[in-house]
Amino acid sequence: MTKILRRIVHAVYGLWFVTVFALCACMALIAVLLPSLALRQTLVTFFTRVIFWLTGTGPSVSGREHLPAGQCMIVANHASYLDGPVMTAVLPPRFSFLIKAEMNKVPLAGFLLRRIDSFFADRSGVTKSATAARQVMRAAKQGRALGVFPEGTFTEEPGLKRFQKGAFSVAKSGGLPIIPVVIEGTRHILPADSWWPKPGRIRVKLLPAVVAESVERMEVIALRDHVRALIADALSEPDLLEKPADSTVSSAEASATASR
């Protein structure tokens, strides 16, 4: 009986979550028709926050004091389709996000993301990847605040995967402080193998910045591995890489380099 009741509760909750998400997404789609980019981003952030508030998922946030007022790059782990909305909800509306190119092909989602000034990373070819990198680089030089998920994708298997190095090249070239971010709870609520949300709580932790001075003294691979190690240490999921295959500097060595 308890198992049946739990399934009923989960089914009802999932229906409530999907309904709230759909209604807020419709409101956001109307909002992004407005001419002002700042207003579009502010309203989308508001409706995203409403989703998590009405569904009781949080998110609880710690480490907000580490977020600078100016330009920076947020680097977060990736576990669920909810991660993007979560980052939209917890960060100021001034952030633009780098998202995998497949989302640009989803009719309504792609339109909404384009209207809030998102970038799309296409890894299907060298030319397309280089074009996306140049767009992000221009945004960094313009003083924009950026958010990326350097794993690029997520799977059903829990754990932190390999980080792509492109975002770290942009951060190093642009002198951007990097804010490592840990997201937990989204994989439980909406795992990769399901479209039906379950009850749960989302937690977001912003870690101290890897500052621009340190970025300038570190090679891109070492910088990537250092930031990944910080996230892995704070994440309750397993580290799926004992050591990145193309890294020439260990996490300990990267930490020592950053502190010098």
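All figures in this text were calculated on a predicted structure; none of them were measured in a lab.

Colleague: What is the right way to look at the overall build of the protein in this model?
Modeller: Regarding its fold elements, the protein presents ten helices and seven strands. Residue burial in the protein is summarised as follows: out of 260 residues, 46% are buried.

Colleague: How do you make sense of the packing of aromatic side chains when you look at a structure like this?
Modeller: One pair of aromatic rings is described through two measures. These are the centre distance and the angle between the planes. Under the defined criterion, the tally for this structure stands at five aromatic pairs. Residues Y81 and W195 carry aromatic rings whose centres are separated by 5.1 Å and whose planes lie at 15 degrees to one another, so their mutual orientation is stacked. A residue pair is termed long-range when its members are at least 10 positions apart, and Y81 in the loop between strand 2 (73-76) and helix 3 (83-90) and W195 in the loop between helix 7 (186-189) and strand 7 (203-206) qualify at 114 residues. Joined through ring pairs, the aromatic side chains of Y81, F154 and W195 make up one cluster. The aromatic ring of F163 is capped on one face by R228, whose charged end is 5.8 Å from the ring centroid.

Colleague: Where do I start with the environment of R114 in this structure?
Modeller: Counting through the fold element by element, R114 comes out in helix 4 (residues 107-115). The partly exposed category is assigned to R114, whose relative accessible area is 41%. Contacts of R114, omitting those with residues within four sequence positions, involve N104 and F120.

Colleague: When you look at the pairing of strand 7 in this model, what are you seeing that I'm missing?
Modeller: Successive residues of a regular strand alternate their side chains across the two faces of the sheet. Residue alternation in strand 7 divides its side chains into a buried set, V204 and L206, and an unburied set, R203 and K205. Inspection of the sheet shows strand 1 (residues 60-62) paired to strand 7 by three bridges, in the parallel sense. Bridged to S60 within strand 7 is R203.

Colleague: Help me out: how do you make sense of a nonpolar patch on the surface in this one?
Modeller: Together, I4, L5, I8, V9 and V12 give the surface a local cluster of nonpolar side chains, amounting to about 460 Å² of exposed area. Within the secondary structure, V12 sits in helix 1 (residues 2-31). With a relative accessible area of 54%, V12 lands in the exposed category.

Colleague: Sorry, what's going on with unusual backbone geometry here?
Modeller: When glycine is set aside, most residues are seen to have a negative phi, and most peptide bonds are trans. Cis geometry is found at the peptide bond from G58 to P59, where omega equals -10 degrees. Within the secondary structure, P59 is located in the loop between helix 2 (37-54) and strand 1. Of note in this structure, D117 is not a glycine but carries a positive phi near 70 degrees.

About the cut-offs
- Residues numbered from 1 in each chain as written.
- Predicted model: local features only at pLDDT ≥ 70, side-chain atom pairs only at ≥ 80, totals over all residues.
- Heavy atoms only, no water.
- Helix = DSSP H or I, 4+ residues; strand = E, 2+ residues; numbered from the N terminus.
- Buried < 20%, exposed > 50% of the residue type's maximum accessible area, 1.4 Å probe, protein only.
- Phe/Tyr/Trp six-rings, centres within 6.5 Å; stacked < 30°, edge-to-face > 60°.
- Lys NZ or Arg CZ within 6 Å of the ring centre and 35° of its normal.
- Contact = heavy atoms within 4.5 Å.
- Pairing = 2+ DSSP bridges.
- Patch = residues over 30% accessible without salt bridge, like charges linked within 9 Å, V, L, I, M, F, W, Y side chains within 5 Å.
- Areas by Shrake-Rupley, 256 points an atom, 1.4 Å probe, with all protein chains shown as cover.
- Salt bridge = Lys/Arg side-chain N within 4 Å of Asp/Glu carboxyl O.

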